[in-house]
2 protein chains.
Amino acid sequence: MLQPTGAFKVRGAFNRMLSLTKDQRRRGVVAVSGGNHAQAVAYAARGLGARSLMLMPEFTPVNYLEATRSYGAEVVLTQSLAEAFHCVAKYEAMGWEYIHPFDDPLVIAGQGTIGLEIYDDLPEVTDVVLSIGGGGLAGGVATYLKSLNPGIHIWGTETAGADSMSQALAAGEIVQLSPVTSVARTLGAPAVTDTTLALAQRYLEEVIVVTDEEAIDSLFILLNDCKILTEPAASCTLAALDKLQLNFSRDSHVVLVLCGGNVAVEDLCQWRSDLPHTTVKLQPCLAN
Amino acid sequence: MLQPTGAFKVRGAFNRMLSLTKDQRRRGVVAVSGGNHAQAVAYAARGLGARSLMLMPEFTPVNYLEATRSYGAEVVLTQSLAEAFHCVAKYEAMGWEYIHPFDDPLVIAGQGTIGLEIYDDLPEVTDVVLSIGGGGLAGGVATYLKSLNPGIHIWGTETAGADSMSQALAAGEIVQLSPVTSVARTLGAPAVTDTTLALAQRYLEEVIVVTDEEAIDSLFILLNDCKILTEPAASCTLAALDKLQLNFSRDSHVVLVLCGGNVAVEDLCQWRSDLPHTTVKLQPCLAN
């Protein structure tokens, strides 16, 4: 959340696009996104000298649209996410390279560099808690950390209404959510894929589903006590801690990955006014 | 702003209170504050096993009161800041040790440790921009950095209505503000002191005064683009950059000290709704 574009997605976008030839960069990259992936691809494209075109549904929050354009991407608005995906083939036929938000080994490996940094900072790590949208972040970080130390526990988190991985794990197959109802829009992959489901089955202890309210409460705890702005899709990892506590001991070294902070202040204020006015009481900063 | 209690004040409080004898800690410390100093003294007192009592005006924002109590301090509410200061002598007579928010060499030296960290991180630093409330932070950081390299420029920032240092520098003597009108309540020392004025005269290039609106605009830029929560008393350093730019060159290495993040979400939302709805346009994160 403290990285360029306010989310982890630049890691995967850069790693994927570093593999493009000069000619491919000239022809350009196309991506579909209602959120952080668009900004990441646009940002990486600018950094690598590639053209970029984003297919974004017209209900995309204006702060996402503006940020994406500010990185130099051309934005094409579609009536729905489905229509945006439908357009991809047309651009691919014209020579544009499609950058998938998560179902791509290079994207997953890029997100996995967070695992590398966790291990560098805290080799004694025992538990890592990660958000799951499409599953690329969790899959990449888990693959890296488990290859170093299979004893590290990787926990996933989703919000109710955006729990495509939790449902897929329960069903043993991909489950199509329709529609995504959670406030954590950026968790809202309507379905995971074979690749990310397989990684989750192999590496994750469990996926914890929290409510929107719990994610928003945690967002305000992080804002008030740690002075950092997270989006619900990131703060849900803190919310999951309540349900995970029994798995931890005094010897646990638990890492929460706070993977994005792209929230409009207007949304923040709306959520605040919706909250019952209970006072948030907590120890000062979690980092202490 | 990322430190315990959400402000730099713990540095000065700890440094001052580490000099207390065991007997003094047992008798306790007393401080006057409508803001961050109370939290810092309470926090340091708990850490050092000292009793603490805070005299706070009853108009102190509830988030400050609650945070101060949460660190274990006893809070005595007074009708005004003046009455709070008036009470101090009574407690001193009873054996309590008074901890001044800034007019104390040990407090100033404690705040100055920020200078030490700046120099460790960025020995090529050319310019440092600091907020001025009573002047302890700027005085401490300037004393340290100037002793290492007199060529480093130190710039102060205040908001209009809380510009006690700017007015004192112009007048060549202490000027009593009454009342402090700025939204940057934590800059609101009604007057600087001989010690901090002398340090400012000796070490500061200039004190830039920005408006409340400019400080709040900068607060939202830092929140939106850098995902960090600052209070106006800290974000005013970013607002001052506009007026300072002519002093910088391509070879400048400019450090902004963001010294506090204690803002209630309610205030944030109030300020947002007061703002004209121009869209904040900026490069993503200042750190890039």
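Residues numbered from 1 in each chain as written. Chains lettered and ligands numbered in written order. Predicted model: local features only at pLDDT ≥ 70, side-chain atom pairs only at ≥ 80, totals over all residues.

J.: With reference to specific residues and values, describe the overall build of chain A.
T.: Regarding its fold elements, chain A presents 12 helices and 8 strands. In terms of overall dimensions, chain A is globule-like: its C-alpha atoms have a radius of gyration of 18 Å, near the 19 Å expected for 288 residues. Considering only C-alpha atoms, chain A reaches an extent of 55 × 45 × 35 Å along its principal axes. Taken over 288 residues, chain A has a buried fraction of 50%. Across chain A, every contact between residues at least 6 apart in sequence was considered, and the portion connecting residues at least 24 apart equals 72%. (Helix = DSSP H or I, 4+ residues; strand = E, 2+ residues; numbered from the N terminus. Rg over C-alpha atoms; globule rule 2.2 N^0.38 Å. Buried ≥ 20, exposed ≤ 12 C-beta atoms within 10 Å, placed from the backbone. Contact = placed C-beta atoms within 7 Å.)

J.: Please set out the pairing of strand S3 (residues 74–78) of chain B residue by residue, giving values where relevant.
T.: All names here are of chain B. As judged from the 5 bridges shared by strand S2 (residues 52–57) and S3, these two strands associate in the parallel manner. Note on S3: the bridge partner recorded for Leu55 is Val76. Traced from S2 through helix H4 (residues 62–70) to S3, the parallel crossover comes out right-handed. (Pairing = 2+ DSSP bridges. Right-handed = clockwise from strand over helix to strand, strands pointing away.)

J.: Mind laying out H4 of chain B, listing which residues take part and the relevant values?
T.: For H4 of chain B, the set of buried residues is Tyr64, Ala67 and Thr68 of chain B. Angularly, the buried residues of H4 of chain B cover 100° about the axis, an arc narrow enough to put them on a single face. (Arc of directions from axis to C-beta.)

J.: How would you explain the domain arrangement of chain A if you had to name every residue and give the values?
T.: Residue and element names in this part refer to chain A. Split by domain assignment, chain A resolves into domain 1 (4–98) and domain 2 (106–274). For domain 1 versus domain 2, the distance between C-alpha centres works out to 23 Å. The interface is formed by 15 residues belonging to domain 1 together with 17 residues belonging to domain 2. Those elements giving two or more residues to the side of domain 1 that touches domain 2 turn out to be helix H1 (9–17) and helix H4 (62–70). Considering each element in turn, the side of domain 1 that touches domain 2 owes the most residues, 5 residues, to H1. Of the residues contributing to the side of domain 1 that touches domain 2, the split by class is 5 nonpolar, 8 polar and 2 charged. (Domains from an automatic or database assignment. Nonpolar A, V, L, I, M, F, W, Y, C, P; charged D, E, K, R; others polar.)

J.: I'd like a description of the sheet that holds strand S1 (residues 29–32) of chain A, backed by residues and values.
T.: All names here are of chain A. In space, the 4 strands of this open sheet follow the order S3-S2-S1-S4, with parallel pairing throughout. Each having just a single partner strand, strand S3 (74–78) and strand S4 (97–98) make up the two edges of the open sheet. Examined bridge by bridge, S1 and S4 share 2 bridges and lie parallel to one another. Its bridge partner lying in S4, Val29 is registered against Glu97.

J.: Report on the packing of helix H7 (residues 136–148) of chain A against helix H9 (residues 194–203) of chain A, specifying residues and quantitative values.
T.: Each pair of packed helices can be summarised by the angle the axes make with each other and by the distance between the axes. Residue and element names in this part refer to chain A. In contact at an axis separation of 9 Å, H7 and H9 are set at 45° when each is read in the N-to-C sense. Considering their axes alone, H7 and H9 lie oblique with respect to each other. Regarding H7 and H9, the two cross each other, and that crossing is left-handed. In this structure, H7 uses Gly136, Ala138, Gly139, Ala142, Thr143 and Lys146 to contact H9, whose residues at the interface are Thr196, Leu199, Ala200 and Tyr203. Looking at the contact of H7 with H9 residue by residue, the class counts come to 5 nonpolar, 4 polar and 1 charged. (Axes fitted to C-alpha atoms, helices over the stretch in contact; angles between N-to-C directions. Parallel < 35°, antiparallel > 145°, perpendicular 65-115°, else oblique. Left-handed = near helix turned anticlockwise from the far one by under 90°.)

J.: Give a detailed account of the confidence of the model for chain A, specifying residues and quantitative values.
T.: Detailed reading of predicted coordinates is not advised where the pLDDT is low. Per-residue confidence for chain A gives a mean pLDDT of 92; residues scoring 70 or more make up 95%. Overall, residues 278–288 of chain A carries pLDDT values under 50, and its contacts beyond four positions in sequence, including any with other chains, amount to 16 contacts. (pLDDT = per-residue confidence, 0-100.)

J.: Any chance you could break down the environment of Val254 of chain A for me, citing the residues and the numbers?
T.: Residue and element names in this part refer to chain A. Structurally, the position occupied by Val254 is in strand S8 (residues 254–256). C-beta crowding within 10 Å serves as the criterion here: with 17 such atoms nearby, Val254 is assigned to the partly exposed category. Apart from residues lying up to four places away in sequence, Val254 is in contact with Thr126, Asp127, Val129 and Phe248.

J.: For the sheet that holds strand S5 (residues 127–131) of chain B, give the residues involved together with the corresponding values.
T.: Residues and elements named next belong to chain B. The 4 strands are arranged S7-S6-S5-S8 in an open sheet whose pairing can be described as parallel. Whereas interior strands pair on both sides, the edge strands pair on one side only; in this sheet they are strand S7 (204–210) and strand S8 (254–256). The sheet shows a mean angle of 20° between the axes of neighbouring strands, taken without regard to direction. Against the sheet, helix H7 (residues 136–148) contacts S5, strand S6 (153–159) and S7, and its axis sits at roughly 160° relative to S5.

J.: Hey, could you go over helix H9 (residues 194–203) of chain B for me, with residue numbers and the actual values?
T.: Residues and elements named next belong to chain B. Within H9, the full set of buried residues consists of Thr196, Leu197, Leu199, Ala200 and Tyr203. Buried residues of H9 fall within an arc of 160° about the axis and therefore sit on the same side. Residues of H9 that are exposed and point more than 90 degrees away from the buried face comprise Asp194, Gln201 and Arg202. Buried positions along H9 lie against H7, S6, helix H8 (164–171) and S7.

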